[in-house]
Amino acid sequence: MVEAVLIDLFNLPANLQNNIQGLLHNTLEAVEKCSAIHAPCVYVMCCQRQGSERKGEQESLLPTLRGFQSLKRRLEVVCAQTTAAALYTIKQRLDEKDLSIIKVILPTLRKDLMKIYIDHLFTAVYQFEFEDLQVIPDSESLQISEHQHEGQILSSQDVALIQSEIQMYLESLPSLKGELTILRSSLIPDDIFLHGFTTRTGGISYIPALSSCNLFSSSKRRDPQVVVKENLRRLANAAGFNPEAFHRVKVDHANAVCIMGKKEPDNYDGIVTDQKGVTLAAPGTDCIPVLFADPVRRACGAAHSGWKGTLLGVSMATVNAMVSEYGCNVKDILVVLGPSVGPCCYNLPHESAKEFHRIDPKCVRLFDSASPYIDIRRATRILLERGGILPENIQDDSITDQNQNITFCTACHPDKFYSHFRDGTNFGTQIGFISIKD
C-alpha cells in the first residue's frame, strides 16, 4: 500500500505553467478518491523563485490545498531552488515518519530525470512507482495515466549535471551534532603516519541512529552513498588525506588480507600498503577497527576484527602480510585497537563464548551463563602477543593513563559512537584510518 505521494510540479513545461492550480486540484482529487480508506502523506514539490517572487508559487497553491480536508493534515508543499534540495527535504519528511513506499506523479518528460535523482538520494529501502501527468488538449484537464511512458533520453552530461547539483547541495548543508572529532593514538608517530578513529559527530546524516558522520551505506539502511561520500569528504578535509585515494576493507568477518597493488580479493577484513598517500580504513561500529604501523619499514595496515574475525586471527594475518610483503620485523609493528564494544556490554551465546574461553578464561565473564560476556579486545591482544608483537607496542583499553585512552566502549557512549549492539539494524558506522605521509 502506498504510504506517500509525491506530486512533482517542479519546472513544469511551459504549456502547463498557466494551469498549475488546475493540475494540482485534479491530481489531489484523484489521490483523494483512490485513498478513501488510507490517506497517504502527500508532498507537492515546486520551484522556489529568487527575489520578490520567492514564495509566490507556494502562496498561489494555498486555495487549492484548502479544499482537500481528508488530506489536509498529511499534505505539504515543498519549495526549493533545485530538484536536489526539494527531493532531499521530502526524503527527510519520509524518514521522520518511517515511510518507504512512494508514488511519484509527474510530467512524462520529468520521469527519467527524476529516476536519476532518486537513484542517488535514496537506497533500496524505498520503493517507488511512477504515474504520468497528462493534459488532454481539448479540455486541458488532468489525467493520471497508469501507462508507463518513457521520458527523454538523458545524456551522460545530463547525469553529470544532476550529480554535480546533488553534491553542491549536500556540501552546503551544516554539520550536525557538533564538530567533526578524530581520536588519535600517541603510539603511532605522527611525523610518518596520518591516522585516526572517527566519532559520530560533524557529518550530515540526519536519521537518529545514523546521525551524523555515518561512513557506510548499504541497501538495508536509509543513508545513501552520496551522503556517506560527503561525510568522507569532510573527514578527509579535517584529517588531511585524499578521499580519492581511500580504500576501505570489504568486510567478510573472516581473515583474508588485501595487499595494495596486487589483485584485490572479493572480500577481505585486512589491508596493507607501503605506498605513500594511500589511506586504508576499517569500519568498527562494535567490531574493533585495528590499525598497524611499522615506522622502520614505513608500512601500515588496517583490519576489521569482530568476534568471528578475532577467532580467525585477522589481526595476526594482517601483521603476517606486512612481514611477508614488506620485510617488516614483527617487533617493530605498532598496533592500536580503536573504539569497539567492551566486555562490559558484549555477550555471545555460550557455544561461541567457549572459543574465547579456550584463548584465555579471562576473555569470558559469567562463563556458565547462557550468554557470557566476551572481551574481544583482550583476545586480540593475547593473539597478537603470541604472534610476536611486543606488549608495549599494543594500545588498547588496558592503557593505564586514561587520558590517552581511545579504545572506548561504543555501546556505553551513544553521544560519541554508533553501536549495532545498542541501536539495532539501522546503525551507523565509524572507521579507523591510516596512511603513510608523503
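Throughout, residues of each chain are indexed from 1 in the direction in which the sequence is written. The model is predicted, so local features are restricted to residues of pLDDT at least 70 and side-chain atom pairs to those at 80 or more, both for listing and for counting; the totals for chains, interfaces and linings are taken over all residues. Side-chain metrics rest on all non-hydrogen atoms present in the structure, leaving aside hydrogens and water.

### Side note on the domain arrangement of the chain
Annotation of the chain at the domain level lists domain 1 (4-50 + 61-135 + 163-171) and domain 2 (173-436). Note on definitions: a residue-residue contact is assigned when non-hydrogen atoms from the two residues lie within 4.5 Å. Opposite the 19 residues of domain 1 that make contact, domain 2 presents 17 residues. The junction of domain 1 with domain 2 conceals about 1400 Å² of combined surface from both sides, 55% of it contributed by carbon and sulfur atoms. Summed over both partners, buried area is the accessible surface (1.4 Å probe) that two parts give up on being assembled. Broken down residue by residue, the surface that domain 1 buries against domain 2 is led by Tyr88, Leu170 and Glu171, which jointly contribute 36%. We count a salt bridge whenever a side-chain nitrogen from Lys or Arg sits within 4 Å of a carboxyl oxygen from Asp or Glu. The shortest N-O distance in the salt bridge between Arg233 and Glu171 comes to 3.6 Å. Definition of a polar contact: a pair of N or O atoms within 3.5 Å, with one able to donate and the other able to accept a hydrogen when the atoms are protein atoms, and with sequence-neighbouring residues admitted only if both atoms are side-chain atoms. If you look at where domain 1 meets domain 2, you find 15 residue pairs in polar contact (both at pLDDT 80 or more). Secondary structure elements follow DSSP: runs of H or I of four or more residues count as helices, runs of E of two or more count as strands, with numbering from the N terminus. Among the secondary structure elements, those contributing two or more residues to the side of domain 1 that touches domain 2 are helix 4 (83-96), helix 5 (111-121) and helix 6 (156-172). Top contributing element to the side of domain 1 that touches domain 2 by residue count: helix 4, with five residues. An automatic or database domain assignment is the source of the domain bounds shown.

### Overview of the pairing of strand 13 (residues 288-294)
Of all seven residues in strand 13, seven are buried; the element is thus mostly enclosed. Pairing between two strands is assigned when DSSP locates at least 2 bridges connecting them. In this sheet, strand 14 (residues 299-305) lies alongside strand 13 in antiparallel orientation, the contact comprising seven bridges. The partner of Asp294 across the bridge, within strand 14, is Ala299. Two successive antiparallel strands, strand 13 and strand 14, enclose a turn made up of four residues, where Arg298 displays a positive phi of approximately 55°. In this structure, strand 13 lies alongside strand 15 (residues 334-337), joined through four bridges in antiparallel fashion. Looking at the pairing, Val290 lines up with Leu337 of strand 15. Here's how the labels work: a residue is buried when its accessible area is under 20% of the maximum for its type, exposed when over 50%, partly exposed in between, all with a 1.4 Å probe on protein chains only.

### Observations regarding unusual backbone geometry
For the bond running from Ser211 to Ser212, omega is 0°, close enough to zero to count as cis. Along the chain, Ser212 falls in the loop between strand 8 (193-198) and helix 7 (225-239). Positive phi values are uncommon outside glycine, yet Arg298 reaches one of about 55°. Arg298 gets classed as partly exposed once you look at its relative accessible area, which sits at 40%. We note that Leu366 has phi near 60°; this positive angle belongs to a residue other than glycine.

### Points about helix 10 (residues 350-359)
For helix 10, the full list of buried residues reads Ser352, Ala353, Phe356 and Ile359. Taken end-on, helix 10 shows its buried residues confined to a sector of 100°, consistent with a single buried face. Looking at helix 10, the residues exposed on the side facing more than 90 degrees away from the buried face are Glu351 and Arg358. Considering only its buried residues, helix 10 is in contact with helix 8 (307-312), strand 16 (364-365), strand 17 (373-374) and helix 11 (376-386). Within this analysis, the arc is defined by the directions that extend from the helix axis to the C-beta atoms.

### Comments concerning the side chain of Thr285
Along the chain, the position of Thr285 falls in the loop between strand 12 (279-283) and strand 13. At a separation of 3.3 Å, a polar atom in the side chain of Thr285 contacts the side chain of Thr429. Once residues within four sequence positions are removed from consideration, Thr285 is found in contact with Thr410, Tyr418, Ser419, His420, Phe427, Gly428, Thr429 and Gln430.

### Examining the sheet that holds strand 8
Spatially, 7-8-19-12-9 is the arrangement adopted by the five strands of the open sheet, whose pairing is mixed. At either end of the open sheet lies a strand with only one pairing partner, and these are strand 7 (182-183) and strand 9 (246-248). Pairing between strand 9 and strand 12: three bridges, direction parallel. Counted as the bridge partner of Arg248 is Ala281 from strand 12.

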